[in-house]
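So the chains spell out like this:
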Amino acid sequence: KCFKYSLEDHIAHVTLIRGDELNTMIKDFWSELPNLIDDISNEGNARVILISAEGKHFTAGMDLGNFIDSELTEKNEHQGLQNEVIYRLTKDLQYSFSSLEKSRIPVIVAIQGACVGGGVDMISACDIRYATSDAFFCIQETNLGLVADVGTLQRLPKLIPEGIVRELALTGRKFHADEALKYGLISSISDDHDSMMEQAINAAKEIASKSPLAISGIKEVINYSRDHSVDESLNYVALWNAAMKYEDDLKETFVAKMEKRDELFQDLKKKGKYFDN
């Protein structure tokens, strides 16, 4: 209901398709996204994920109808039991975006127009962000009387200065693409959607041309290093590289250069589920 998907030249293109409804995050969104991202990551055929959106705006965030549903709050029900269910539900919602971060392949996101509320949570979990000149961002939860709880307050301070995050989160003000670029939240600004998509696709093609094993390792090590000390991270990358055995890809790189051709790397192996649902 919320996405369409295509795979071409090792690029998995995921598109938000509710442009007429501002790509708001209805209930289906929260299960469709992680299921799709997990499947792409597990299959191993794709080497990079590109997320874009139809319509004028990337997303207006969570559909407010999600907040007025009374399924979880029954009258005269044990309050503690209700709260426990809400806690578990929030953890599920968090994984909807954590799936982007946990994907073993990089995720590029292309943003136009509004990217507010849950949209900021979403893009914060991606690896590379591009935007159009009309893009704007807002930690909208503040303006609704809520504390953002699905990733913005945890990931954004690792992407831009913490003092800036505090100001944006506490005021709930809107900030535009040029400001986001200045902070380092986005990599570049394009004049329009077509030129942004061209840049995003070119970046995706460049990543897809590299060794999938190396690219997967780079993402893994960067994510680990973000949350650990330098010494711990150096030890981790030493162990990772010792375990991954890059000899085949290194050989292919050297041979391809000698033969003056593009490298031909093997895809990641399909990752099965230990427990089938």
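Summarised in this report is the structure supplied together with it. (Residues numbered from 1 in each chain as written. Predicted model: local features only at pLDDT ≥ 70, side-chain atom pairs only at ≥ 80, totals over all residues. Heavy atoms only, no water.)

Notes on the sheet that holds strand β2 (residues 11-16)
An order of β1-β2-β3-β4-β6-β9 is seen for the six strands of this open sheet, with the pairing classed as mixed. Single-partner strands in this sheet number two, and they are β1 (3-8) and β9 (188-190). Each adjacent strand pair in this sheet contributes to an overall mean axis angle of 20 degrees, direction not counted. The pairing of strand β6 (residues 128-132) with β9 spans three bridges and is parallel. (Pairing = 2+ DSSP bridges. Helix = DSSP H or I, 4+ residues; strand = E, 2+ residues; numbered from the N terminus. Axes fitted to C-alpha atoms, helices over the stretch in contact; angles between N-to-C directions.)

Quick word on the packing of aromatic side chains
By convention here, two paired aromatic rings are described through the distance between centres and the angle between planes. Scanning all chains against the criterion turns up eight aromatic pairs. Relative to F29, the ring of F3 has its centre 5.2 Å away and its plane inclined at 35 degrees; by these criteria the two rings are tilted. Of this pair, F3 sits in strand β1 while F29 sits in helix α1 (residues 27-43), placing them 26 residues apart in sequence. In terms of burial, F3 and F29 fall into one category: buried. Taken together, a centroid distance of 3.8 Å and an interplanar angle of 5 degrees make the contact between Y224 and Y236 stacked. (Phe/Tyr/Trp six-rings, centres within 6.5 Å; stacked < 30°, edge-to-face > 60°. Buried < 20%, exposed > 50% of the residue type's maximum accessible area, 1.4 Å probe, protein only.)

Re empty space enclosed by the protein
If you walk through the whole model with that rule in mind, you get one cavity of 30 Å³ or more. Taken as a whole, the largest cavity spans an internal volume of roughly 40 Å³. Taken together, A46, R47, R104, I105, P106, P212, I215, S216 and L268 make up the full set of residues lining the largest cavity. (1 Å grid on protein atoms, 1.4 Å probe; cavity = no way out; pocket = protein on both sides within 12 Å on 5 of 7 lines; lining within 4 Å. Points joined across faces, edges and corners; volume = space filled by probe spheres on them.)

Thoughts on the nonpolar core
Looking at soluble globular proteins, one finds that nonpolar side chains tend to be buried together. Core analysis: the biggest nonpolar cluster contains 49 residues, and F29, I51, F97, M122 and F137 have the highest contact counts within it. When residues of this core are assigned to their parent elements, the largest contribution, six residues, is made by α1. Of all hydrophobic cores here, the second largest spans 14 residues; its members include L50, I108, M196 and A203. (Core = buried A, V, L, I, M, F, W, Y, C linked by side-chain atoms within 4.5 Å.)

Purely spatial values, then, with no claim about function.
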